[in-house]
Amino acid sequence: MWCAIPPDAWQSVCAERDAADPLAHVRARFVLPPGEVYLAGHSLGPLVAGVSERIAHVIAREWGERGVRSFSEHGWIDAPARIGAQLARLLGAASDEVVVCDSTSVNLFKLLSAALALRPGRARIVTELATFPSDLYVAEGVASLSGGAHRVCAVPRDALDAAIDTDTAVLLLTHVEYQTGALRDLASLSRRARDVGAISLWDLSHSAGVVPLDLHAAGVDLAVGCTYKYLCGGPGAPAYAYVRRDLAASLRSPLRGWLGHASPFAFEPSFRPAAGASALVCGTPPILSMLALEASLAALADVDVARVREKSVALSDLLIAYVEQRAPDPSLELASPRDADARGSQVSFRHPGALALSRALAARGVIADFRTPDLLRLGLAPLALRFTDVLCAARTLCDVLESQTWDRETYRGDVRVT
Ligand SMILES: Cc1ncc(COP(=O)(O)O)c(C=O)c1O
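Cut-offs applied
- Residues numbered from 1 in each chain as written.
- Predicted model: local features only at pLDDT ≥ 70, side-chain atom pairs only at ≥ 80, totals over all residues.
- Heavy atoms only, no water.
- Helix = DSSP H or I, 4+ residues; strand = E, 2+ residues; numbered from the N terminus.
- Buried < 20%, exposed > 50% of the residue type's maximum accessible area, 1.4 Å probe, protein only.
- Contact = heavy atoms within 4.5 Å.
- Phe/Tyr/Trp six-rings, centres within 6.5 Å; stacked < 30°, edge-to-face > 60°.
- Polar contact = N/O pair within 3.5 Å; in protein donor to acceptor, adjacent residues only side chain to side chain.
- Salt bridge = Lys/Arg side-chain N within 4 Å of Asp/Glu carboxyl O.
- Pairing = 2+ DSSP bridges.
- Axes fitted to C-alpha atoms, helices over the stretch in contact; angles between N-to-C directions.

Peer 1: Is there a simple way to explain the environment of G283 in this structure?
Peer 2: Relative to the elements of secondary structure, G283 occurs in the loop between α10 (245–248) and α11 (287–299). Judged by relative accessible area, G283 falls into the partly exposed class, the value being 34%. Residues within four places of G283 in sequence aside, it is in contact with W258 and L259.

If you want it as C-alpha cells, here you go:
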C-alpha cells in the first residue's frame, strides 16, 4: 500500500494509521525521551514505565528491609523458572521448558556442549557465516574442548542445505540475521536437522517478542535468546534457554552449579539435575536484572505478538517505501529482504558512510545503529513507535543524505560502541 502514496500525502496517511492502530495505547507504557525516534529496539529495547519504581522498591524493601529472607519471602529463588514460564508463552513452549539465566553466549555454550554429547560420533556443528559472531566464537570454543572430535562448519546461506549431512551433530542458526534482518524458516530448517538425525539449536534474540513463535509446532530442539532487545528487559538483562521436554532428561550441561541442582540446599557432593530447563541455572541469579525483566514482561503481557508482527511489517514497509520513493542518494542500498515475510523487525541499508550517517541521525534525534563495514540498522520496536515516528525518521534519513550533512568532520572518527 505504501508504494502508491503521493509525496505530499505521507503525513496524513501515517496519522490515519496511528489513529486506527490497535496497539497505539501501548506506547504510553514506555518511558520515551521527547523529541527522539528510537530505532534501536533491536539492540536495547526502551524502558518500560514502572520498572524503575519496581526496582527501587525491591532495593529499598525486599533487599533493604528483608535481606536474605527475600530469596524465599519474595520468591527470588524461583525467579529463573518463574520468568522462564512467562517467556514460554511467547515462545510457544511449555512452562518447564524455558529458564531465564546467564547471558545468551553462556547459555549457548551450555546447550551446544550438551547437544554434542547427545550425538556421539558426529563431528560437525553446522552454522552460517552470518550467524551472530558471539555464537560463532562460542561454537569454536566448544569445538576446541573436544580434542579434534568436533569442528565448526560455517557456510554461506546458499551452501547451508548441502552442509547439513549425517555427520552433523548440531545445526546452530540465528532466526533473524543481525546484519540484514533476514528471517530464517524455523520449521523447515529444524525439520532438515531432524531428518539427518541432528539437533536444532536456534538463537531467537532478534525474534522473540516481535515475530510469533511456536517452538513446539516448529519442532525446535533447543534455543537461546536475549531479553534486552524486543523484550525490553534492560541493559544486560539475563537471557533464556529453551530445552524441548523430551530432551531435558538426557541433556547434561557442562556448567553444573548448585542452583541447577534438584535440591540445592541439600548440599549433596554430587550433581543431580533439577527437572526441565531449570537444570541450566548455574549460580545465583542477578536478582535486580531478573526482576526488571519480570516487570517489563508483566507490563506487556496482554499484547498479542501476532498484532505486533502486523505492525512491525507495516512500519518496515513504510520505511522502505518512503526512502525508496525519495531515493536520496544513489549509494544507499536496501540490505534487508524486500519481502516482509523474509524479514524480521529491522531494516538495514548499506551506505559507504553508514557510521557517520548513524551519528548524524542521532544528532537529529533519530537513534539507529551501525554495523561494520557499511550497514545502517533501523530497528522497529512496534509497541513504542507510531507510524508518524517512523515517517519522521525516514524523512530525517533522506534529509541528511540529500544535504550531505552526514559527511562532516564531527561525525567521523571511531566510536567504541556502535
Ligand atoms: C543474535 C545475538 N546472539 C547473541 C548475542 C549475544 O548475547 P549476550 O551478550 O547475551 O551473550 C547477541 C547480542 O546482541 C545477538 O544479537
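Peer 1: What's the story with the packing of aromatic side chains in this structure? I'm lost.
Peer 2: The description of an aromatic ring pair uses the distance of the two centres, along with the angle that the planes make with each other. Inspection of the entire model under this criterion finds 8 aromatic pairs. On the numbers, 5.2 Å between centres and 80 degrees between planes, the contact of F71 with W76 is edge-to-face. Owing to a relative accessible area of 24%, F71 belongs among the partly exposed residues under this scheme. Centroid distance F132 to Y178: 5.1 Å. Interplanar angle 85 degrees. Geometry classified as edge-to-face. With F132 in the loop between β5 (124–128) and α6 (133–144) and Y178 in the loop between β7 (168–174) and α8 (186–195), the pair connects residues that are 46 residues apart, well separated along the chain. Look at F132 and you get partly exposed, because its relative accessible area is 33%. An aromatic cluster of at least three residues, connected via ring pairs, comprises W2, W10, Y322 and F387.

Peer 1: Before we go on, may I ask you to explain the environment of E140 in this structure?
Peer 2: Relative to the helices and strands, E140 resides in helix α6. Linking E140 and A24, residues 116 residues apart in sequence, is a C-alpha distance of 44 Å.

Peer 1: Would you mind showing me how to read the side chain of R377 here?
Peer 2: Within the secondary structure layout, R377 lies in strand β15 (residues 375–379). Of the polar contacts made by the side chain of R377, one reaches the side chain of H42; its length is 3.5 Å. Apart from residues no more than four positions distant in its own chain, R377 is found in contact with L39, H42, Y178, Q179, H206, Q346, V347, S348, A368, D369 and R371.

Peer 1: Could you clarify how one ought to interpret the pattern of salt bridges in this entry?
Peer 2: For side chains bearing opposite charge, pairing can occur when the charged atoms are close. Summed over all chains, the structure comprises 29 salt bridges. Close ionic contact of K110 with D102 constitutes a salt bridge, the shortest N to O distance being 2.6 Å. Judged by its relative accessible area of 0%, K110 falls in the buried class. A residue is classified by how much of its surface remains accessible, and D102, at 29% relative accessible area, is partly exposed. For D165, the salt bridge identified is with R124, shortest N-O distance 3.5 Å. Highlighted residues: D165 in the loop between α7 (160–163) and β7 and R124 in strand β5, separated in sequence by 41 residues. For R124, a relative accessible area of 13% puts it in the buried group. When salt bridges with common partners are traced through the structure, they connect R194, D221, R244 and D246 into a single cluster.

Peer 1: What's the story with the sheet that holds strand β9 (residues 222–225) in this structure? I'm lost.
Peer 2: Two orientations exist for strands paired in a sheet by backbone hydrogen bonds: parallel and antiparallel. Strand order in the open sheet made by the 7 strands is β4-β10-β9-β8-β7-β5-β6, with mixed pairing throughout. For this open sheet the edge positions go to β4 (98–100) and β6 (151–155), each flanked by a neighbour on one side alone. Adjacent strand axes in the sheet meet at a mean angle of 20 degrees when their direction is disregarded. Sheet topology note: the β7/strand β8 (residues 199–203) ladder contains 5 bridges and is parallel. Bridging across to β8, T174 finds its partner in D203.

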